[in-house]
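# Secondary and tertiary structure notes
Chain residues, written in single-letter form:
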Amino acid sequence: MNKIWIITKRELVSFFDSLIAYVMIILFLGLSGIFTWLVTTNIFVSNQASLGTFFGVAFWSLFFFIPAITMRMLAEENRAGTIELLITKAVTDNQIVIGKFLACLILVAIALVCTLPYYITISQLGNIDDGGVVGGYLGLLMLSAAYISIGLFASSLTQNQIVSILLALLISVFFHFLFDVIGGSLTGFMGNLFTYLSIRSHFDSMSRGVIDSRDLIYFLSIITLGILLAQAMLSKRNWQS
C-alpha cells in the first residue's frame, strides 16, 4: 500500500507541477458554473433549487476531461521507458496502475469539492433535495472512476498520447450514449441489456438520490475490468521485453 501511495503522490505532484491540474479544475469550474448559473436551463430559468443542471453539465464535461488527464499516464511511461525503471524498484504492475488510478480520481475529487459552493448557494435559494445532491456527487465520482479505468487501459495500449486520448474517447462513447441509443431502439431482452450497459441510465438513477446496488455493481465492474486490462497490457509488454 505504501508503494501505491508513493506513485499516487508522484502523479499528483506531476499534475500540479505541469499545470494540468489547474487548467482542468479552472475549465471544469468555468464550464459548469456558466451553464449552471447563466446558460439555457439555469436555476433562475427553471426557478428550482436544484443541482440537476450542474450534474448534467458535469456528466458531459468529465467525459472529455478525463481522457485528457489519463492519456499520458501509461503511454508516456511506455515511451520514455520509465515503466521498466519502476519495475526495477520492485513495484508491481498492479501497484503502478492503482497508484495512477487513485491520482486521477483524487484530482477529479478535488475539482468536485471546488463546486460545493454551488450547493451552498443554491440551498439558500430554496429547499434542495439533499439526497439527490449526495447521489449526484457519488454518481459523478463513480462515473469518473469508470472513465479513468478506461483511460488507463487505452493509455496502456500505446506510446502515443494522442492515440491514447482518441482510444479512450472511442471506448467511452459507447458507454456514454451509444448503448443508450441502441437500447432505446430495441425491445425485450436486448433493449434491456443495452440500456443496462449505458452509463447514462445508472448515473441518472443515482443523481435522483436512488443508490441501487445494481448501479454500484455496474460501475465497480467497469472500474475493475479497466484496471485489470491495463495491468494485463503492462504485464504483456514487460514479458515481451
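Above this text is the structure in question.
Everything in this summary refers to the structure shown in the same document. (Residues numbered from 1 in each chain as written. Predicted model: local features only at pLDDT ≥ 70, side-chain atom pairs only at ≥ 80, totals over all residues. Heavy atoms only, no water.)

Turning our attention to the overall build of the chain. Each helix and strand in the chain was counted, giving 13 helices and 0 strands. In the chain, the succession of α and β elements from N to C terminus is α-α-α-α-α-α-α-α-α-α-α-α-α. Sequence separation of 24 or more characterises 78% of the internal contacts of the chain that already satisfy a separation of 6 or more. With the model as given, the accessible surface of the chain reaches about 11600 Å², and the carbon-plus-sulfur share is 69%. (Helix = DSSP H or I, 4+ residues; strand = E, 2+ residues; numbered from the N terminus. Contact = heavy atoms within 4.5 Å. Areas by Shrake-Rupley, 256 points an atom, 1.4 Å probe, with all protein chains shown as cover.)

Before going further, it helps to examine the packing of helix α4 (residues 52–70) against helix α7 (residues 93–113). It is the contact of α4 with α7, at a shortest axis distance of 11 Å, that shows an interaxial angle of 140°. Taken together, α4 and α7 sit at an angle that is classed as oblique. Classified by chirality, the crossing of α7 by α4 is right-handed. Side by side, α4 and α7 meet where Leu-62, Ile-66, Ile-69 and Thr-70 of the first sit next to Cys-104, Leu-107 and Val-108 of the second. (Axes fitted to C-alpha atoms, helices over the stretch in contact; angles between N-to-C directions. Parallel < 35°, antiparallel > 145°, perpendicular 65-115°, else oblique. Left-handed = near helix turned anticlockwise from the far one by under 90°.)

With that out of the way, let us pick up the side chain of Ser-205. Take Ser-205: it is sitting in helix α12 (residues 199–207). Among the polar contacts listed, one links the side chain of Ser-205 to the side chain of Asp-215, at a separation of 3.1 Å. Ignoring any residue separated from it by four or fewer positions in sequence, one finds Ser-205 in contact with Val-210 and Asp-215. (Polar contact = N/O pair within 3.5 Å; in protein donor to acceptor, adjacent residues only side chain to side chain.)

When the charged atoms of two side chains with opposite charge come close together, those side chains can pair. Evaluated as defined, the whole model comprises 5 salt bridges. Here Glu-11 and Arg-72 are joined by a salt bridge, their closest N and O atoms 3.7 Å apart. Of this pair, Glu-11 sits in helix α1 (residues 2–17) while Arg-72 is found in the loop between α4 and α5 (75–80), placing the two residues 61 residues apart along the sequence. We classify Glu-11 as buried; its relative accessible area is 3%. With a closest N to O distance of 3.0 Å, Asp-212 and Arg-214 form a salt bridge. A residue is classified by how much of its surface remains accessible, and Arg-214, at 55% relative accessible area, is exposed. Three or more residues joined by partner-sharing salt bridges are found here, namely Arg-10, Glu-11, Arg-72 and Lys-100. (Salt bridge = Lys/Arg side-chain N within 4 Å of Asp/Glu carboxyl O. Buried < 20%, exposed > 50% of the residue type's maximum accessible area, 1.4 Å probe, protein only.)

Tracing the backbone shows Thr-115 in the loop between α7 and α8 (116–123). Judged by its relative accessible area of 0%, Thr-115 falls in the buried class. Within the structure, Thr-115 has its side chain in polar contact with the backbone oxygen of Leu-112 (distance 2.5 Å). Separated by 2.8 Å, the side chains of Thr-115 and Tyr-137 make a polar contact.

Enumeration according to the criterion identifies 18 aromatic pairs in this entry. Arranged with centres 6.1 Å apart and planes meeting at 80°, the rings of Trp-60 and Phe-63 form a pair that is edge-to-face. Here the residue Trp-60 and the residue Phe-63 both occupy positions in helix α4, the gap between them amounting to 3 residues, near one helical turn. Judged by centre distance (5.3 Å) and plane angle (75°), the ring pair of Tyr-218 and Phe-219 falls under edge-to-face. Assessed through its relative accessible area of 0%, Phe-219 is described here as buried. Members of the aromatic cluster, joined through ring pairs, are Phe-59, Trp-60, Phe-63, Phe-64, Tyr-147, Phe-177 and Phe-203. If you follow Arg-200 out to its NZ or CZ, it ends over the ring of Phe-59, 4.2 Å from the centre. (Phe/Tyr/Trp six-rings, centres within 6.5 Å; stacked < 30°, edge-to-face > 60°. Lys NZ or Arg CZ within 6 Å of the ring centre and 35° of its normal.)

Without other data, these values stay purely geometric and don't point to any function.
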